[in-house]
Amino acid sequence: MSPPAKVLVVDDTPANISLMLDALSDAGYDVLVAESAASALALLAHNTPDLFLLDVLMPQVNGFELCAILKRDERCREVPVLFMTALHDAAEKVRAFSAGAVDYITKPVYPPEVLARVAAHLQIRALQRSLADELALRIEAENELSQSLDRAVLLVDAAGRIVFSTRRAENLLHQHFPARDAGALPANLADAESPLDVRRFAETGRTDLVLLMLDEKRSTLGPPALIALGLTPREAEILYWIAQGKSNPDVATILGANVRTVHKHVENIFRKLGCETRTAATVAALEILRPDAR
């Protein structure tokens with residue numbers, strides 16, 4: 001179950017804070033309170049709320065100024081801000097939206113209205129984050145596709161001549177078959193003793209061209225072996241490092257990825273493997289990576 005959304009209420013009037021605290025807590029939210037901008041900023045040193053409820057008229061630093069500070073903070077830039085004020089001037093409302101607010105609540109506040117607006121904006125924020133995650137996954141997939149030429153791929157004609165090869169394929173052939181004829185497949189490429197695994201792909205009814213994918217046999221104990229679990233190459237990499245005891249932030253650092261993208265991949269891995277914990281996923285991975293340990 002997801003943890004409750006965290007709402008920070010900033011208001012210098014104790015009665016207003018008490019009213020909001022009771023209403024929001026009863027609705028199941030995790031509520032933080034601050035009576036000034038300074039105390040709110042101190043709370044942010046250790047907390048990142050999911051939504052802000054800011055009073056406009058506060059001494060020293062008012063709500064508009066505090067909102068501007070929040071929007072300069074990378075952690076809070078996308079967090080929705082709702083203003084609460086007794087002012088009814090249309091210009092003040094425009095100023096609120098210009099400062100970065102997503103909504104405006106007039107005082108005296110009506111708790112059911114506040115709860116409805118808070119719920120609506122939290123749902124919008126959740127949808128925005130979900131879309132951002134999906135976009136990050138799509139961008140990553142496109143990047144993987146653009147980097148696919150770094151894999152060991154050969155295109156061979158019916159006579160066994162190499163029509164096209166990636167740099168990785170050329171390097172593997174040169175490393176393991178240095179005496180081969182240039183432009184031709186090694187005669188023993190597909191032998192049982194060959195150091196390379198060869199996968200063949202041919203279009204139905206076509207024999208003039210065949211696509212070959214090469215892998216070093218020793219690599220079957222690495223991430224590529226986990227593709228057999230129905231995972232994408234990226235998911236296989238992530239599961240491999242999970243099986244090595246790495247946390248999601250560790251995996252993100254190792255792979256040079258965004259940690260939220262790694263979280264999303266882990267969710268997909270759990271779904272595909274039909275497991276709910278990292279331990280269960282690790283066991284599934286180790287059954288392939290270390291079959292002798294079963």
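Before reading further, recall that the structure is shown in the block above.
For clarity, every value in this text was computed on a predicted model and none was experimentally measured.

*Asks:* Tell me what's going on with the packing of helix H3 (residues 63–72) against helix H4 (residues 90–99), and back it up with residues and numbers.
*Replies:* Contact geometry of H3 with H4 gives a least axis separation of 9 Å together with a crossing angle of 15°. Classified by the interaxial angle, the pair formed by H3 and H4 is roughly parallel. For the pair H3 and H4, the sense of crossing is left-handed. Packed against H3, whose contacting residues are Phe 64, Cys 67 and Lys 71, the element H4 presents Glu 92, Arg 95, Ala 96 and Ala 99 at the interface.

*Asks:* Go over the pattern of salt bridges with me, naming the residues and quoting the values.
*Replies:* Evaluation of the coordinates by the stated rule reveals twelve salt bridges. Of the charged contacts, one joins Arg 199 and Asp 215 as a salt bridge, the two residues approaching to 3.3 Å between their closest N and O atoms. Taken together, the residues span a long stretch of sequence, with Arg 199 in strand S8 (residues 196–201) and Asp 215 in strand S9 (residues 209–216) at a distance of 16 residues. Asp 215 gets classed as partly exposed once you look at its relative accessible area, which sits at 27%. With a closest N to O distance of 3.8 Å, Glu 267 and Lys 264 form a salt bridge. Separated by three residues within a single helix, Glu 267 and Lys 264 lie in helix H9 (residues 259–273), roughly one turn from each other. In this structure Glu 267 comes out as partly exposed when scored by relative accessible area, which is 47%. Among the residues examined, Lys 264 registers a relative accessible area of 16% and is labelled buried. Sharing partners across several salt bridges, the network here consists of Asp 11, Asp 55 and Lys 107.

*Asks:* Tell me about the packing of aromatic side chains, and name the residues and values.
*Replies:* Under the counting rule described, the total for this entry stands at two aromatic pairs. Look at Phe 64 and Phe 83: their rings are 5.2 Å apart centre to centre, the planes differ by 70°, and that puts the pair in the edge-to-face class. Of this pair, Phe 64 sits in helix H3 while Phe 83 is found in strand S4 (residues 81–85), placing the two residues 19 residues apart along the sequence. A single burial state applies to Phe 64 and to Phe 83, both of which are buried.

Criteria and cut-off values
Residues numbered from 1 in each chain as written. Predicted model: local features only at pLDDT ≥ 70, side-chain atom pairs only at ≥ 80, totals over all residues. Heavy atoms only, no water. Axes fitted to C-alpha atoms, helices over the stretch in contact; angles between N-to-C directions. Helix = DSSP H or I, 4+ residues; strand = E, 2+ residues; numbered from the N terminus. Parallel < 35°, antiparallel > 145°, perpendicular 65-115°, else oblique. Left-handed = near helix turned anticlockwise from the far one by under 90°. Contact = heavy atoms within 4.5 Å. Salt bridge = Lys/Arg side-chain N within 4 Å of Asp/Glu carboxyl O. Buried < 20%, exposed > 50% of the residue type's maximum accessible area, 1.4 Å probe, protein only. Phe/Tyr/Trp six-rings, centres within 6.5 Å; stacked < 30°, edge-to-face > 60°.

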